[in-house]
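# Geometric and topological summary
Each chain, letter by letter, is given below.
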Amino acid sequence: MIRPSSRPTPVVPTDAGRPAPLDDEEDAPMRSDDTAPAASATPTAQAPGEAPAPSPDAAPVSVSDAAPAPAPAPSSDAAPVPDSVSASDTQITPPAEGAPRVWVLGSLNADMTLAVPWIVRPGETLSATSSTLSPGGKGMNQAVAAAHSGARTVMIGAVGDDDRGAMLAATLERRGVGSAVVRREGVDTGTAIIQLDAAGENSIVILEGANGTVGPEDATAALAPCREGDVVVAQLEIPQDAIAAGFAVAREQGARTILNAAPAADASALLPLVDVLVVNETEAEMLLGDRAEDPARRLHEMHGCDVVVTLGGQGSVVLDVDGSETVPAIPTDVVDTTGAGDAFVGATAAALAAGASLRDAARAGTRLAHEVCGVAGAQGYGG
């Protein structure tokens, strides 16, 4: 059984004053202040009338519509915000009962981070100085970000019937995220084993686990209650046939779909079902087959969807029916870029559900990405 350590993860040197990136840098350390509950903790199953029944081979972890986390007020010592991204742009009023939801269809992982003096070499045995068990996975990171931004949020995915799955379910409840997550018997919860050295370099091995079992029937059942005005978000850490089925239901119900085509993979079969595509430059190149001077415009012309291309510390380019606009990143004292891209997507989805334009929604995403870069861990903020 994996247990969290009470010993802290070492602080990684920071780059003061650089713009907060909107991508999750590949070499960024993965840490969080959220640690696992005691092994005896188990999630409480709830079944409101509108929640779908899980598939016969899976027991529900929880099926709930949790109260959203309140929208945070900006801290008094926050870095100055450029004129085009003001603090008022990113304050989303907590929604009333019945307000549109953000549904996140994606991955949930337990991240085991081992602090090491250096990354282990082939054939070498190395002692870690500390360990941290924390929640992660692109889907869960985005769901937490949407709830943190004030949206009624529901996470759709799968975990194993183990302590790590119980930890993730408890974290969803604590962070105000409703759950349509199923527990798979005899399958491990998705897990990332991360070596993190003192310089902030890392090496990551991922066990797909229960994430790989999410099927079309899970997506369609969970999304049956979605309706016009809702926003359905997915990434590429679960099988694409589940995403396609979920997006088809969302479209039929009048919901808006967002695909964060990450990690980089061929997702061309999904694009006819996508209203908003969010990619970084590497992911855009994967979808286009080459490097384009204006990838947002090329993707829009090819697939007809609105496009957001994130540019790390340079901000993002938003292209919709009104044209193209660059939304700058916000200068920040960077502690950890892990989860910045996920925070951007989750907060953008929350703002769209609240009625914002895509450009204003991207500004909201930029503001939360800035906040995430100032703390350790993908979910180390606001919780």
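Residues numbered from 1 in each chain as written. Predicted model: local features only at pLDDT ≥ 70, side-chain atom pairs only at ≥ 80, totals over all residues. Heavy atoms only, no water.

## As for the overall build of the protein
Scanning the protein from N- to C-terminus turns up eight helices and 16 strands. Considering the protein as a whole, with its 383 residues, one finds that 54% of them fall into the buried category. Restricting the contact set of the protein to residue pairs at least 6 apart, pairs at least 24 apart contribute 73%. Carbon and sulfur atoms make up 51% of the accessible area of the protein, which totals about 14900 Å². (Helix = DSSP H or I, 4+ residues; strand = E, 2+ residues; numbered from the N terminus. Buried < 20%, exposed > 50% of the residue type's maximum accessible area, 1.4 Å probe, protein only. Contact = heavy atoms within 4.5 Å. Areas by Shrake-Rupley, 256 points an atom, 1.4 Å probe, with all protein chains shown as cover.)

## Some words on the sheet that holds strand β8 (residues 191-196)
Spatial ordering of the open sheet is given by β5-β4-β8-β9, a layout of four strands whose pairing is mixed. Each of the sheet's edge strands pairs with one partner strand only, and the pair in question is β5 (130-136) and β9 (202-207). Pairwise comparison of adjacent strand axes, ignoring direction, gives a mean angle of 20 degrees for this sheet. Looking at chain direction, strand β4 (residues 109-115) and β5 are connected through seven bridges and run antiparallel. Bridge pairing in β5 places Met112 opposite Leu133. (Pairing = 2+ DSSP bridges. Axes fitted to C-alpha atoms, helices over the stretch in contact; angles between N-to-C directions.)

## Focus on the pairing of strand β15 (residues 323-327)
Within a regular strand, the side chains alternate between the two sheet faces. Sheet topology places strand β14 (residues 316-320) next to β15; five bridges connect them, and they run antiparallel. Note on β15: the bridge partner recorded for Ser316 is Val327. Linkage of β14 to β15, two consecutive antiparallel strands, is achieved through a turn of two residues.

## As for the nonpolar core
Where a protein is soluble and globular, its nonpolar side chains tend to be buried together. If you look at the biggest cluster of nonpolar residues, it comprises 48 residues, and the most contacted ones within it are Val102, Leu108, Met155, Val231, Val233, Ile258 and Phe344. Looking at which element gives the most residues to this core, the answer is helix α7 (residues 340-353), with ten residues. Excluding its chain neighbours within four sequence positions, the residues that come into contact with Val233 are Val102, Trp103, Val104, Leu105, Gln142, Phe247, Ile258, Val345 and Ala349. Core analysis: the next-biggest nonpolar cluster, separate from the first, contains 42 residues, Trp103, Ala180, Val232 and Leu277 among them. (Core = buried A, V, L, I, M, F, W, Y, C linked by side-chain atoms within 4.5 Å.)

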